[in-house]
Amino acid sequence: EVEARYPEGERPWLRVKLTPVFDPTGHFDGGFVTVERIDREHFAEGSLAALRRALERVGEMVLEVDRNGLVVDANETALTALGYERDALRGLALAQIDTGLGERGFDALHEQLRSRGAYQGEATYQTRFGSTFPVEVVVQRVEQGGREFILLLARDATERKRAEDALTESAERFRALFDESPV
């Protein structure tokens, strides 16, 4: 999809598709080109669909949340990590996933998003089965065309926390050895 520049100054968006053509023996015989004029909204919808496809494949959990803190949608990584089917997760309060949010916690987060546009921090998520795990969270609020989007990206921090705990334990053992040393 490209923005064309006509000699008269008009700049429409075009979708260009190139398809190879082969003869009956399988040899390349040329190409077939189609050009379709699309409007900006159509282009934006296509871009949003491409973004959604990309987010499905990303290694982090991605949740779309509405103004009330209810989950609108999630990528496959989030569904797998949290143990939910897509339909069961839709409409679920973020506070049922993020154990630290509490009953009024999303309102405070939303107010921070309204004033700053983004939030970054750590949280503890709870799966459908009750187990919990630490996550690093980035939340972004965007207004587009009169609509509000709240996207939440979360990365499982279990391994990082485990490594930090091991380093802390090692440092404590070293300090104990040092403090108890006769020299």
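Reference entry: report on the structure contained in this document. Everything numeric in this text was worked out from a predicted model, so none of it was measured.

What counts, and where the lines are drawn
- Residues numbered from 1 in each chain as written.
- Predicted model: local features only at pLDDT ≥ 70, side-chain atom pairs only at ≥ 80, totals over all residues.
- Heavy atoms only, no water.
- Pairing = 2+ DSSP bridges.
- Helix = DSSP H or I, 4+ residues; strand = E, 2+ residues; numbered from the N terminus.
- Axes fitted to C-alpha atoms, helices over the stretch in contact; angles between N-to-C directions.
- Contact = heavy atoms within 4.5 Å.
- Polar contact = N/O pair within 3.5 Å; in protein donor to acceptor, adjacent residues only side chain to side chain.
- Phe/Tyr/Trp six-rings, centres within 6.5 Å; stacked < 30°, edge-to-face > 60°.
- Buried < 20%, exposed > 50% of the residue type's maximum accessible area, 1.4 Å probe, protein only.

A word on the sheet that holds strand β7 (residues 132-144). The strand order β5-β4-β8-β7-β6 describes an open sheet built from five strands, whose pairing is antiparallel. At either end of the open sheet lies a strand with only one pairing partner, and these are β5 (71-74) and β6 (118-126). Across the sheet, the mean angle from the axis of one strand to that of its neighbour is 30 degrees, orientation sign disregarded. The pairing of β7 with strand β8 (residues 147-156) spans 10 bridges and is antiparallel. Each residue of the ladder has a partner; that of E143, found in β8, is E148. The sheet strands contacting helix α4 (residues 105-116) are β4 (61-65), β6, β7 and β8, and the helix crosses β6 at an angle near 155 degrees.

Topologically, D98 is positioned in the loop between α3 (86-89) and α4. For D98, the side chain forms a polar contact with the main-chain nitrogen of G100, separated by 3.0 Å. If sequence neighbours within four positions are ignored, D98 has contacts with A123, T124 and Y125.

With that settled, consider the packing of aromatic side chains. In the structure shown here, the tally under the stated rule is two aromatic pairs. Ring centres of F22 and F28 lie 6.1 Å apart, and the angle between their planes is 75 degrees; this geometry places the pair in the edge-to-face category. Given a relative accessible area of 56%, F28 falls into the exposed group. Measuring from ring centre to ring centre gives 6.3 Å for Y125 and F133, while their planes differ by 75 degrees; the resulting arrangement is edge-to-face. When its relative accessible area of 0% is taken as the criterion, Y125 is described as buried. Exposure remark for F133: the relative accessible area of 10% places this residue in the buried category.

Keep in mind that these numbers describe shape and distance, not what the molecule does.
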